[in-house]
Amino acid sequence: MKKFLTIIVAGFLIVTLLDQLIGRGLEKFFSSATVGEQGHLNHVLKDVDAPILVFGTSKALHHYVPQVIVDSTGMECYNCGFEAQGIMTNYALIRCITQRYQPQLIIYDLDYHYDIEYAPYTNNVVNVRRMSKLTIRDSLLNAIDPWAHLRMKSRIYPYNSALIELVLNRFQNSTYDNPEADRGYIPQHNVLDQDAIDNWNPPIATDTLRLNLIANLIERYHDRLIFFSSPTYQHQPRLDQMYATVKKLAEPYDVPIYVLGNDSIFMDKPELWDDIRHLNDDGARIYTAKVAHLVKLWLKTHPGDK
Amino acid sequence: MSFVSLYFILFLPILCITYWLCPLRWRNSLLLVASVLFYMLPHPTYGVMLVWVWASSYLAVRWVSRDNPPLSRLWVGVLGVLLPMLFFKIKAPVVDAFFPQGLPTGIPGLNWIFPLGLSCYSLQAVSLIIDVYKGRTQRDPSLVNHALYVSFLPTVTSGPILHSTDLMWQITANRGGFDRDMAFIGTKRLIWGLFLKVVVADRFGIYVNAVLGHSTLYNSPTVFIALLCYTVQIYCDFAGYSQMAIGTANLLGFDMPENFRRPLFSMGLKELWTRWHISLSSWLRDYVYIPLGGSRCKTWRMCLNLLATFSVSGMWHGVRLSYLCWGLGNGLMVMLEHFLPLKRWRSKPVIRIFYSILSICIMSLLLAFFFDHIEQSIDILRVLFTKGFDGGWIMIDTIRTKATLIAMAGGFAIVAMRDIYEEFFPTALASWHKGRSAVTFMFYIILIMLVLVFGVMETGQFIYLRF
């Protein structure tokens, strides 16, 4: 038994050593990436310093045109949206960026599915694991997975499953490497099929952890936060119910929430949509103009240090 | 507790060290306590079913072991043990049909979900009752040994379903001291099983779920490829689970039969069922097919026996129309193969390879029924046979899909190489298994590193846990 245990312990030590060595290599490789999702993440975390920042899922990424906001407000703006990344990632992103500098305005595009609904399979936190400079990283990950502190002892773990994708990014452009991309905004140019039907009607079931993060966000940044909810292609009968909890959280702090779903400008207008969830560039510019108007009004009452 | 959870990774070394340091006479009791903990940790209420099966099978074994017991005792005993399993299996479709919103009341702590492993340890208990009745196994009067047999840690959550002749004698025998060779083999199995599950099965699962979960969005070739991938996913998932179960048993000094023997090399479905989920196939053969008359009867009767046995197999997975179709489809194919000159074809390499590939394709097509709801199967078959190239390809132009496909190909290549080696050079691999050279050692270190770098860490559950 002694010999068996010796070999097992030796194996464990070798695995630990290799994990640390390979992990360090991956850390360098990932933190130097300039393309793909990782490149976008690195840029947002290290370089972005605009006074107006946009956060949210793919809807944020494809719906908010910074140029329109810049033209309207005269302030620089950057779109920090990420595909399929909800409040878990965005909360971490905001906390990480505000460790470096304080933006004047944070625009958060709320997505019921990724930010409020109870849907554990969308608790995608891979990007959070790679935010090595984020001081609350471990406590945030622990809140989602009680074993996270143990998993994070592995240096490879934060980069698990992402290596092939990053290597492929060197040879092929991803969504984020779109040559038309401007200050993080990725335009889309499809026109939705006339017959498309949006039958998305999720159950109203809120996720405590997600709502806690939203509450935390409101409490911490209430003097510089506006929530928007992007337009829907077809009428969504339960829109008010979906965002009622967040409205209740935001009310005491006077944080505005503009639920712009069911807006007749966008509803049943396939020419403004890329697919049933996302506006195309034409739609995004009309929508951002509307957002910019509301932002301008907000800036009048919150002059900050512009 | 799942074999791929961090709980288990911490639990197993503590159990093994305590187990081997424990005096021999206390080991079975210790292992029983560990098994119950392992089983009940996620849902303590599962224990109710376990206690039912312990008690009913213990009484049944006692009852049938008396001199010349009538057959009715055996039937009553077996039905008593199977009662909870039958209840939960039948409950699911009844609730779906009459209470689409779910039952208004739940069992506290269980909420009507199917108790983990109930299908497996119930069959394991039935095996003991029948074997004692037939005189193939001696009754062990110890309640601890009996309970350990039913809820044996490596098999309690999802099998393999052991025959009493495989396990009971090992529990009652004086197993002696620590077997280093067996422990090394067990450790290697654990690592290989982990690799199969986390690197291969779960990676294939990403593609399979994306396509078969929304089959109507895709074209026929994409759906067909997804069905082939589903075969690989289930194979690697359950073979991985079985390797980990056997590896755990080995570390505790128990030997267990193989549950998968390179099924992708089978020539025909008849052979496939002697290589795939062997423990269930052999259980059904010994306790359903042979008692029905097996193949030593008229041809029409044998065909009927085959169909009945495969129907039971389907219904064991779930009392659903989809699983019944899956079972009957397999039964029909095995039945048809009885009329084919397979022995002659086996000696002709080209025909052999062609028929082996055809078998995998048929098996994959039948997996279209391997879902809880027949509507999903119908959607898949409709797309497969009517859509042609009309419809979406899986989005191979996106980098994420390409990365998934590359990871799938890499993982499968390692599995295929090992299976080819094992199939055609069995003695070489056997010595590799037993070997403790630096090369073997490094091979398993590399496998662990592959798990860390390429493993899918977020899913965690084995497919067969749902049965």
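Values in this document were obtained by computation on a predicted structure and should not be read as measured data.

Scanning chain B from terminus to terminus reveals 19 helices and zero strands. Relative to its length of 467 residues, chain B is compact, with a C-alpha radius of gyration of 23 Å against a globular reference of 23 Å. On the principal axes, the C-alpha backbone points of chain B span a range of 65 × 55 × 55 Å. Expressed as a percentage of the 467 residues in chain B, the buried residues total 54%. Element-wise, carbon and sulfur atoms account for 70% of the exposed surface of chain B, whose accessible area totals about 20500 Å². With 38 positive and 23 negative side-chain charges, chain B shows a spacing of 6 Å between the two charge centroids.

So, about unusual backbone geometry. A cis amide bond links glycine 159 of chain B to the next residue, proline 160 of chain B, at an omega of 0 degrees. Phi at aspartate 254 of chain A takes a positive value of approximately 60 degrees, unusual for a residue other than glycine. Secondary-structure assignment places aspartate 254 of chain A in the loop between α12 (239-250) and β5 (257-259). Here arginine 262 of chain B, not a glycine, exhibits a phi torsion of approximately 40 degrees, which is positive. In this structure, arginine 262 of chain B sits in the loop between α9 (220-251) and α10 (269-272). Given a relative accessible area of 15%, arginine 262 of chain B falls into the buried group.

Moving on, we come to the nonpolar core. Phe8, Tyr121, Phe152, Leu212 and Phe254 of chain B are the most contacted members of the largest nonpolar core, which has 136 residues in total. By residue number, the principal contributor to this core is α9 of chain B, which donates 17 residues. Not counting residues up to four positions away in its chain, the partners in contact with phenylalanine 152 of chain B are Leu31, Ser35, Gln124, Leu162, Leu167, Ala249, Phe254 and Met256 of chain B. Counting 52 residues, the second largest nonpolar core, distinct from the first, contains Phe82, Ile87, Leu239 and Ile257 of chain A.

Residue and element names in this part refer to chain A. Judged by pairing direction, the sheet is parallel, and its five strands sit side by side in the order β2-β1-β3-β4-β5 without closing on themselves. The sheet is open, and its two borders are formed by β2 (77-79) and β5, each paired with just one other strand. Averaged over all pairs of adjacent strands, the angle between strand axes in this sheet comes to 20 degrees, irrespective of strand direction. Where strand β3 (residues 105-109) lies against strand β4 (residues 225-229), four bridges are found, and the strand directions are parallel.

What follows concerns helix α5 (residues 118-134) of chain B. End to end, α5 of chain B covers 24 Å across 17 residues, agreeing with the expected 24 Å (1.5 Å per residue, within 8%). A large share of α5 of chain B lies buried, amounting to 15 of its 17 residues.

A few words now on the environment of valine 295 of chain A. Structurally, the position occupied by valine 295 of chain A is in helix α13 (residues 281-301). Taking C-alpha positions, valine 295 of chain A is 8.3 Å from isoleucine 69 of chain A, a pair spaced 226 residues apart along the chain.

This paragraph deals with the environment of threonine 216 of chain B. Residues and elements named next belong to chain B. Its place among the elements puts threonine 216 in the loop between α8 (180-212) and α9. Sequence spacing of threonine 216 and tyrosine 46 is 170 residues, and the spatial spacing of their C-alpha atoms is 38 Å. Apart from the residues lying within four places of it in its own chain, the contact partners of threonine 216 are Asp379, Val383 and Lys387.

This part is about the interface of chain B and chain A. The partner chain A presents 30 residues to the 32 residues of chain B that form the contact. For the pair chain B and chain A, the summed buried area comes to about 2900 Å², and 74% of that belongs to carbon and sulfur atoms. The largest contributions to the chain B side of the interface with chain A come from Leu6, Ile399 and Val453 of chain B, which together make up 21% of the buried area. On the surface where chain B and chain A come into contact, there are two salt bridges.

Our next topic: helix α11 (residues 278-292) of chain B. All names here are of chain B. With 15 residues, α11 extends 20 Å from end C-alpha to end C-alpha; this agrees with the ideal 21 Å at 1.5 Å per step. Bending of α11 peaks at approximately 40 degrees at the position of arginine 285. Residues of α11 that are buried include every one of Ile278, Ser279, Leu280, Ser281, Ser282, Trp283, Leu284, Tyr287, Val288 and Tyr289, and no others. On the buried face of α11, the contacting elements are α5 and α12 (299-317). Remark: glycine 293 follows α11 within two positions and exhibits a positive phi of approximately 125 degrees.

Okay, a nonpolar patch on the surface next. Residues and elements named next belong to chain B. There is a patch of nonpolar side chains on the surface, built from Leu71, Trp75, Leu79, Leu86, Ile90, Val94, Phe98 and Phe99 and spanning about 790 Å² of accessible area. Note that phenylalanine 99 resides in the loop between α4 (71-98) and α5. Overall, the relative accessible area of 36% leaves phenylalanine 99 in the partly exposed class.

Using the criterion set out here, one finds 42 aromatic pairs over all chains in the structure. Aromatic side chains tyrosine 233 of chain A and tryptophan 273 of chain A sit 5.7 Å apart centroid to centroid with 70 degrees between the ring planes, which places their arrangement in the edge-to-face category. In this pair, tyrosine 233 of chain A is assigned in the loop between β4 and α12 and tryptophan 273 of chain A in the loop between β5 and α13, connecting sequence segments 40 residues apart. Here tyrosine 233 of chain A falls in the buried class, since its relative accessible area comes to 2%. Since its relative accessible area comes to 0%, tryptophan 273 of chain A is described here as buried. Both rings, one in phenylalanine 260 of chain B and one in tryptophan 276 of chain B, keep their centres 5.5 Å apart while their planes meet at 65 degrees; by these two values the pair is edge-to-face.

Next up on the list: the packing of α12 of chain B against helix α13 (residues 321-337) of chain B. Residues and elements named next belong to chain B. Put simply, α12 and α13 touch, their axes get as near as 7 Å, and they point 150 degrees apart. Relative to α13, α12 is oriented roughly antiparallel. In this structure, the crossing between α12 and α13 has a hand that is right-handed. Of α13, the residues touching α12 (which contributes Cys303, Leu306, Leu307, Phe310, Ser311, Ser313, Gly314, Met315 and His317) are Tyr323, Leu324, Trp326, Gly327, Leu328, Asn330, Gly331, Leu332, Val334 and Met335. Considered class by class, the residues forming the contact of α12 with α13 number twelve nonpolar, seven polar and no charged.

Moving on to the state of the cysteines. Under the definition given, this model contains zero disulfides over all chains. Cysteine 80 of chain A forms no disulfide, and the closest cysteine sulfur to it belongs to cysteine 77 of chain A, at a distance of 8.3 Å. Take cysteine 80 of chain A: its relative accessible area is 0%, and that puts it in the buried class. Looking at the unpaired cysteine 297 of chain B, the closest cysteine sulfur is the one in cysteine 303 of chain B, lying at 8.9 Å.

Let us now look at the confidence of the model for chain B. Predicted coordinates in regions of low pLDDT should not be interpreted in detail. Looking at chain B, pLDDT values average 90 and 96% of them are 70 or higher. ipTM for the predicted complex: 0.87, alongside a pTM of 0.89.

Applying the stated criterion across every chain yields a total of 21 salt bridges over all chains. Note that arginine 183 of chain A is salt-bridged to aspartate 182 of chain A, the shortest N-O span being 3.2 Å. Residue classification places arginine 183 of chain A among the partly exposed positions, given a relative accessible area of 24%. Among the residues examined, aspartate 182 of chain A registers a relative accessible area of 26% and is labelled partly exposed. Of the charged contacts in the structure, one is a salt bridge between arginine 275 of chain B and glutamate 271 of chain B, with a shortest N-O distance of 2.9 Å. Taking the relative accessible area as the measure of exposure, arginine 275 of chain B reaches 7% and is therefore buried.

Conventions adopted
Residues numbered from 1 in each chain as written. Chains lettered and ligands numbered in written order. Predicted model: local features only at pLDDT ≥ 70, side-chain atom pairs only at ≥ 80, totals over all residues. Heavy atoms only, no water. Helix = DSSP H or I, 4+ residues; strand = E, 2+ residues; numbered from the N terminus. Rg over C-alpha atoms; globule rule 2.2 N^0.38 Å. Buried < 20%, exposed > 50% of the residue type's maximum accessible area, 1.4 Å probe, protein only. Areas by Shrake-Rupley, 256 points an atom, 1.4 Å probe, with all protein chains shown as cover. Lys, Arg positive; Asp, Glu negative; His and termini not counted. Charge placed at Lys NZ, Arg CZ, Asp CG, Glu CD. Core = buried A, V, L, I, M, F, W, Y, C linked by side-chain atoms within 4.5 Å. Contact = heavy atoms within 4.5 Å. Pairing = 2+ DSSP bridges. Axes fitted to C-alpha atoms, helices over the stretch in contact; angles between N-to-C directions. Expected span 1.5 Å × (residues − 1). Buried area = accessible area lost by both parts, 1.4 Å probe. Salt bridge = Lys/Arg side-chain N within 4 Å of Asp/Glu carboxyl O. Bend = angle between axes of the 7 residues up to and from the residue. Patch = residues over 30% accessible without salt bridge, like charges linked within 9 Å, V, L, I, M, F, W, Y side chains within 5 Å. Phe/Tyr/Trp six-rings, centres within 6.5 Å; stacked < 30°, edge-to-face > 60°. Parallel < 35°, antiparallel > 145°, perpendicular 65-115°, else oblique. Left-handed = near helix turned anticlockwise from the far one by under 90°. Nonpolar A, V, L, I, M, F, W, Y, C, P; charged D, E, K, R; others polar. Disulfide = S-S within 2.5 Å. pLDDT = per-residue confidence, 0-100.

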